[in-house]
Amino acid sequence: MPPFNLTGLTPATFILAGIPGMEELHIWISIPFCSMYLAALLGNGVLLFVIRTERSLHQPMYLFLSMLAVTDLMLSTTTVPKMLALFWFSAREISFSACLTQMFFLHFSFSAESVILLAMAFDRFVAICHPLRYAAVLTPSALVKTGLVALLRSFCIIFPCIFLLKRLPFCGHNIIPHTYCEHMGIARLACADISINILYGLAVPFAAVVVDVVLIAVSYVLILLALFRLPSRTARHKAFNTCSSHVCVILLFYIPAFFTVLTHRFGREIPHHVHILLANLYVLFPPLLNPVVYGVQTQQIKEKVVKMFSCPKSHLLQE
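- The protein chain goes by Olfactory receptor in an unreviewed UniProt entry, where it is assigned to Himantopus himantopus.
- Within the UniProt record for the protein chain, the comment given under Sequence similarities (unreviewed entry) is "Belongs to the G-protein coupled receptor 1 family."
- Under the Function (unreviewed entry) heading, UniProt states for the protein chain: "Odorant receptor."

**What to know about the environment of Thr78**
Turning to step 1, where the next piece is worked out: Checked against the element boundaries, Thr78 lands in the loop between helix H2 (60-77) and helix H3 (80-89).
Turning to step 2, where the next piece is worked out: Note: C-alpha distance between Thr78 and Phe253 (175 residues apart in sequence) is 17 Å.
Turning to step 3, where the next piece is worked out: With residues up to four places along the chain from it excluded, the contact list for Thr78 reads Gln102, Phe105 and Leu106.
Turning to step 4, where the next piece is worked out: Among the polar contacts made by the side chain of Thr78, one reaches the main-chain carbonyl oxygen of Met74 at a distance of 2.5 Å.

**Notes on the UniProt feature "transmembrane region" (unreviewed entry) in the protein chain**
Turning to step 1, where the next piece is worked out: Here, the residues flagged by UniProt with the feature "transmembrane region" (unreviewed entry) are residues 27-50, 62-80, 142-165, 209-228, 240-262 and 274-294.
Turning to step 2, where the next piece is worked out: This span, residues 27-50, is 100% helix and 0% strand, and a straight line between its end C-alpha atoms measures 35 Å.

**Here we look at unusual backbone geometry**
Turning to step 1, where the next piece is worked out: Even without a glycine there, the phi angle at Ser90 is positive, about 55 degrees.
Turning to step 2, where the next piece is worked out: With respect to the helices, strands and loops of the structure, Ser90 is situated in the loop between H3 and strand S4 (93-95).

**What to know about the state of the cysteines**
Turning to step 1, where the next piece is worked out: According to the stated counting rule, one finds two disulfides in the structure shown.
Turning to step 2, where the next piece is worked out: Note that Cys99 is cross-linked by a disulfide to Cys181, the S-S spacing being 1.9 Å. Given an S-S torsion of about -115 degrees, the disulfide between Cys99 and Cys181 has left-handed geometry. One end of the pair, Cys99, is in helix H4 (residues 96-129); the other, Cys181, is in the loop between strand S5 (175-176) and helix H7 (183-187), and 82 residues separate them in sequence. Both residues of the pair, Cys99 and Cys181, belong to the buried class.
Turning to step 3, where the next piece is worked out: One disulfide bridge connects Cys171 with Cys191, the sulfur atoms lying 1.7 Å from each other. Torsion about the S-S bond of the Cys171 and Cys191 cystine: about 65 degrees, corresponding to right-handed handedness. Separated by 20 residues along the polypeptide, Cys171 in the loop between helix H6 (140-166) and S5 and Cys191 in the loop between H7 and helix H8 (195-229) bring together distant segments of the chain.
Turning to step 4, where the next piece is worked out: In this structure Cys171 comes out as partly exposed when scored by relative accessible area, which is 40%.
Turning to step 5, where the next piece is worked out: Ordering the disulfide-forming cysteines of the protein chain by sequence position, one finds them joined as 1-3, 2-4.

**Thoughts on H2**
Turning to step 1, where the next piece is worked out: For H2, with 18 residues, the first-to-last C-alpha span of 26 Å sits near the 26 Å given by 1.5 Å per residue.
Turning to step 2, where the next piece is worked out: By the criterion of burial, H2 is predominantly enclosed, with 13 of the 18 residues buried.

**Digging into the pairing of strand S3 (residues 13-16)**
Turning to step 1, where the next piece is worked out: The pairing of S3 with S4 spans three bridges and is antiparallel. The residue bridging Thr13 from the neighbouring strand is Ser95, located in S4.

**Some remarks on the packing of H2 against H4**
Turning to step 1, where the next piece is worked out: It is at 9 Å that the axes of H2 and H4 come closest, and there the two elements cross at 165 degrees. It follows that H2 is roughly antiparallel to H4 by the angle criterion. In this structure, the crossing between H2 and H4 has a hand that is left-handed. Residues Pro60, Met61, Phe64, Leu65, Met67, Leu68, Thr71, Asp72, Met74 and Leu75 of H2 pack against Phe105, Leu106, Phe108, Ser109, Ala112, Glu113, Ile116, Leu117, Ala119, Met120, Asp123 and Arg124 of H4.
Turning to step 2, where the next piece is worked out: Of the residues belonging to the contact of H2 with H4, the class tally is 16 nonpolar, two polar and four charged.

**Quick look at the sheet that holds S4**
Turning to step 1, where the next piece is worked out: Taken in spatial order, the three strands make up an open sheet running S4-S3-S5, and their pairing is mixed. Whereas interior strands pair on both sides, the edge strands pair on one side only; in this sheet they are S4 and S5.
Turning to step 2, where the next piece is worked out: Each of S3, S4 and S5 touches H4; the most contacted strand, S4, lies at about 85 degrees to it.

**As for the packing of aromatic side chains**
Turning to step 1, where the next piece is worked out: The tally for this structure, following the rule as stated, stands at 17 aromatic pairs.
Turning to step 2, where the next piece is worked out: Measuring from ring centre to ring centre gives 4.9 Å for Phe110 and Phe253, while their planes differ by 25 degrees; the resulting arrangement is stacked. Of this pair, Phe110 sits in helix H4 while Phe253 sits in helix H9 (residues 233-266), and the two are 143 residues apart along the sequence.
Turning to step 3, where the next piece is worked out: The rings of Phe104, Phe105, Phe108, Phe155, Phe159 and Phe163 are connected pair by pair, giving a single aromatic cluster.

**Section: the pattern of salt bridges**
Turning to step 1, where the next piece is worked out: Throughout the structure, instances matching the rule amount to three salt bridges.
Turning to step 2, where the next piece is worked out: A salt bridge links Glu54 to Lys304, with the shortest nitrogen-to-oxygen separation between them at 3.6 Å. Placement of the pair is Glu54 in the loop between helix H1 (26-53) and H2 and Lys304 in helix H12 (residues 299-318), with a sequence separation of 250 residues.
Turning to step 3, where the next piece is worked out: Across the pair Arg153 and Asp212 runs a salt bridge, and its minimum N-O distance is 2.9 Å.

Parameters at a glance
- Residues numbered from 1 in each chain as written.
- Predicted model: local features only at pLDDT ≥ 70, side-chain atom pairs only at ≥ 80, totals over all residues.
- Heavy atoms only, no water.
- UniProt positions renumbered as here; feature names shortened; annotations may be inferred.
- Helix = DSSP H or I, 4+ residues; strand = E, 2+ residues; numbered from the N terminus.
- Contact = heavy atoms within 4.5 Å.
- Polar contact = N/O pair within 3.5 Å; in protein donor to acceptor, adjacent residues only side chain to side chain.
- Disulfide = S-S within 2.5 Å.
- Buried < 20%, exposed > 50% of the residue type's maximum accessible area, 1.4 Å probe, protein only.
- Expected span 1.5 Å × (residues − 1).
- Pairing = 2+ DSSP bridges.
- Axes fitted to C-alpha atoms, helices over the stretch in contact; angles between N-to-C directions.
- Parallel < 35°, antiparallel > 145°, perpendicular 65-115°, else oblique.
- Left-handed = near helix turned anticlockwise from the far one by under 90°.
- Nonpolar A, V, L, I, M, F, W, Y, C, P; charged D, E, K, R; others polar.
- Phe/Tyr/Trp six-rings, centres within 6.5 Å; stacked < 30°, edge-to-face > 60°.
- Salt bridge = Lys/Arg side-chain N within 4 Å of Asp/Glu carboxyl O.

As structure tokens, then:
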């Protein structure tokens, strides 16, 4: 049995169980997970490199996209390396402080990404509904303030969870039936009343994200109304194309998130290993698919990526 802090009955380490009931398949499950993680690193890395090096992409829309790529990398990197170590090397132990750190950055990146998606919706709203004011509204200082708001709001929402967990006694219970640490997964191990954790963990972050979703929906209702008022069908089509990639990213982020949260809270008939698989896929799918969506549907990014990968080949052919 691992050593315990006698004053607070806090375990020195937690044991991550992986995917209960599928332990024999851990190696096979790790293959697609590792492939998706490497593809997400490559896609988001290329996206950040292209936006950083191409001055024509130093516009609010693409700078918000670079913020999204950073949060995607944080979301997956916070969980996947430890998950793969568990699958490959049976590295199940994680210290109490490391578990809390992983939990914090997992929920922090989720909250920050939600704010960035809201900012991107506002960007499209201003670009389509008030194009003449676009440069005046979305100034460099406004972009910096948006990034700071995303960081500050996420920190203020998630940081109290650390204290809500540190106050709990665990009485020797230290096996987490998951591949990574998350708030309620840790809280359920406590041998005390966790009603405050349940209330805070569901109400506060969920309410913040719901507010983001409502504001995004309002933005797109106003955008659609503005699109219908455009005189030219070509103009409507062009304006719709500028929003389609963002709508796809919103759906990729929120639908799996709400589905995972709701099935975890209320889907008691769903097998536990299905919950864990869904939670693992959630931290991989948005980081994997977001660069693909923007790379395919955004002409400027597609052209720069093709140019970046084709130039070395054309140079060799000339030689």
